[in-house]
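Breakdown of the fold
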Amino acid sequence: VQAFAEASRAIVGASHVLGAAEDRARYEVDFWRQHGGTAALVLCPGTTAEVAAIVALAAAHGVALVPQAGNTGLVAGGIPDGSGREAILSLRRLDRIRRIDPAGDYLIAEAGCILETVQNAAGEAGRMFPLTLGAEGSCRIGGNVATNAGGNNVLRYGMTRNLVLGLEVVLADGSVLDLLRRLHKDNTGYDLKQLFIGSEGTLGIVTAAVLRLVAMPRERVTFWLAVGSLDDAVHLFAQLRNAFGDLISACELISSPGVELALERLPGLRRPVSEPHPWHLLVEVAWTFDSGLRERVEAELERQFAEGRCLDGAVADNEAQRRMMWRVREGQTEAAMQIGDVVRSDVAVAVGDIPTLVTRVFDRLPTLAPFATLLPFGHVGDGNLHMNFAVPRNTPSEVKLRLLDGLFEEVDRLGGSISAEHGVGRLKRDAIAARKSPAAMTLMHRLKDTLDPAGLLNPGVVLTPRRPFLDPD
Ligand SMILES: Cc1cc2nc3c(=O)[nH]c(=O)nc-3n(C[C@H](O)[C@H](O)[C@H](O)COP(=O)(O)OP(=O)(O)OC[C@H]3O[C@@H](n4cnc5c(N)ncnc54)[C@H](O)[C@@H]3O)c2cc1C
């Protein structure tokens, strides 16, 4: 590693090779400070050419690289193992927006651009980049692409995969694969960029992406509905979908304990409706006309109240009220962490199966861990729930694993996914391997072997390494 470090300095400059423990520290631990490792060093190249040179150098020295963008990933995919022999490859200095073409509906952003910066740049050009998630002030485009991030607007605009027109990728041998196409149609063989989207740094290093922009909605209506049961919540979503079609950009489910916890713990929040209710929906609809949508929403809500499915509701009158509704939705985990530990999850089932999943997990809680509180919330419109468990601080890890195992069993019974949008990383690698078919696992290993024959790109993430690592010098 010593020789590798020295040669790296010649490529990126000495100040961009971080070797001291205190300089490495913030790259070695994840966002919630729950998982960490130790790297030999952190490398911060500033251009695609520098990334390519570093990857070629790592290949020559047999040094494993852990790509990292904003380090907000939730499955420990962007942090090193405990060996102290891997090098973190931080993309944060590749932070230029290379081009914006509002008429062509795209922009080209480098991997280190913060998502929020990209959203703002698109907004200034009169367009919208619709990817939006709780970590948008910190996560970066390279990480969004590598995890195929989802977020709040998947219902209308799809996952990151649907928002990428082209990619620039550095391959494991240090060559640059230029797939920076700006085309909406291109059926010229295999769509290679899709291989890298969601590959979590195991098949190549994303250095830039052509991102699809959409029309900027001019009128947006955000409303909060209280319902008595999960069945009503799912039914109400279906009714709203019938009424508003693709104008619905978000439909989030929140449980009563989650709402009350956020109100109790986070300063300045008010319950959007006057009384506590068992379940809540936070819905956002938007269109490109200036006005007329709010009236349509109110008319539809009147119909729903008349049918008795909505118990209470509120429409945000201004941006401050809208933000507060979203803060209640986003703040639950933060609030739960103030009083104990949170066992997080990210599962998906068919939308119609959501009530069954939640009911079955509630029913199993007394045997899994009677002291745990289930706080389900999430993107109910696309079947993705974060079925989080609040547990007392220092709850033993075997109890936490038991809760997740119980949840995953119920997800399996319903033919769901145990990782809807956060990816596999190191945390879910074995759980995924136990669930995918042998044919699927073999194909995934073959792809890995083809693109990264020496196994130096993020080893141990997504797949268990099949061959021993080369010993770095
Ligand atoms: C508060 C909070 C809310 C969140 N909400 C959501 C949500 O709603 N939806 C959602 O999908 N996720 C969510 N996440 C998870 C996380 O924000 C996303 O996974 C995000 O896309 C990660 O981006 P990042 O830049 O932080 O990537 P990192 O954490 O740096 O990396 C994530 C993975 O991508 C790899 N990687 C990073 N950059 C590159 C690159 N340039 N080339 C190749 N591989 C690379 C890493 O090795 C790692 O495996 C949330 C996280 C937090 C903390």
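Everything in this summary refers to the structure shown in the same document. Computed from a predicted model, the values in this text were never measured in an experiment.

A few points about the environment of Leu375
In this structure, Leu375 sits in strand β18 (residues 373-379). As for Leu375 and His386, which are separated by 11 residues in sequence, their C-alpha atoms are 8.0 Å apart. When residues no more than four places from it in sequence are discounted, the contact partners of Leu375 are Ser255, Pro257, Gly258, Leu261, Ala336, His386, Asn388 and Ala390.

Some points on the sheet that holds strand β4 (residues 87-90)
Spatial strand order, β1-β2-β4-β3: 4 strands in an open sheet with mixed pairing. Two strands lie at the open edges of the sheet, namely β1 (17-18) and β3 (65-68), each paired on one side alone. Sheet topology places β1 next to strand β2 (residues 41-43); 2 bridges connect them, and they run antiparallel. Looking at β2, one finds that Leu18 is bridged to Val42.

As for the packing of aromatic side chains
Scanning all chains against the criterion turns up 2 aromatic pairs. An angle of 85° between the planes, with centres 5.0 Å apart, marks the rings of Phe31 and Trp32 as edge-to-face. When its relative accessible area of 41% is taken as the criterion, Phe31 is described as partly exposed. Taking relative accessible area as the criterion, Trp32 reaches 27% and is therefore assigned partly exposed. Measuring from ring centre to ring centre gives 5.0 Å for Trp287 and Phe289, while their planes differ by 80°; the resulting arrangement is edge-to-face.

Rules behind the numbers
Residues numbered from 1 in each chain as written. Predicted model: local features only at pLDDT ≥ 70, side-chain atom pairs only at ≥ 80, totals over all residues. Heavy atoms only, no water. Helix = DSSP H or I, 4+ residues; strand = E, 2+ residues; numbered from the N terminus. Contact = heavy atoms within 4.5 Å. Pairing = 2+ DSSP bridges. Phe/Tyr/Trp six-rings, centres within 6.5 Å; stacked < 30°, edge-to-face > 60°. Buried < 20%, exposed > 50% of the residue type's maximum accessible area, 1.4 Å probe, protein only.

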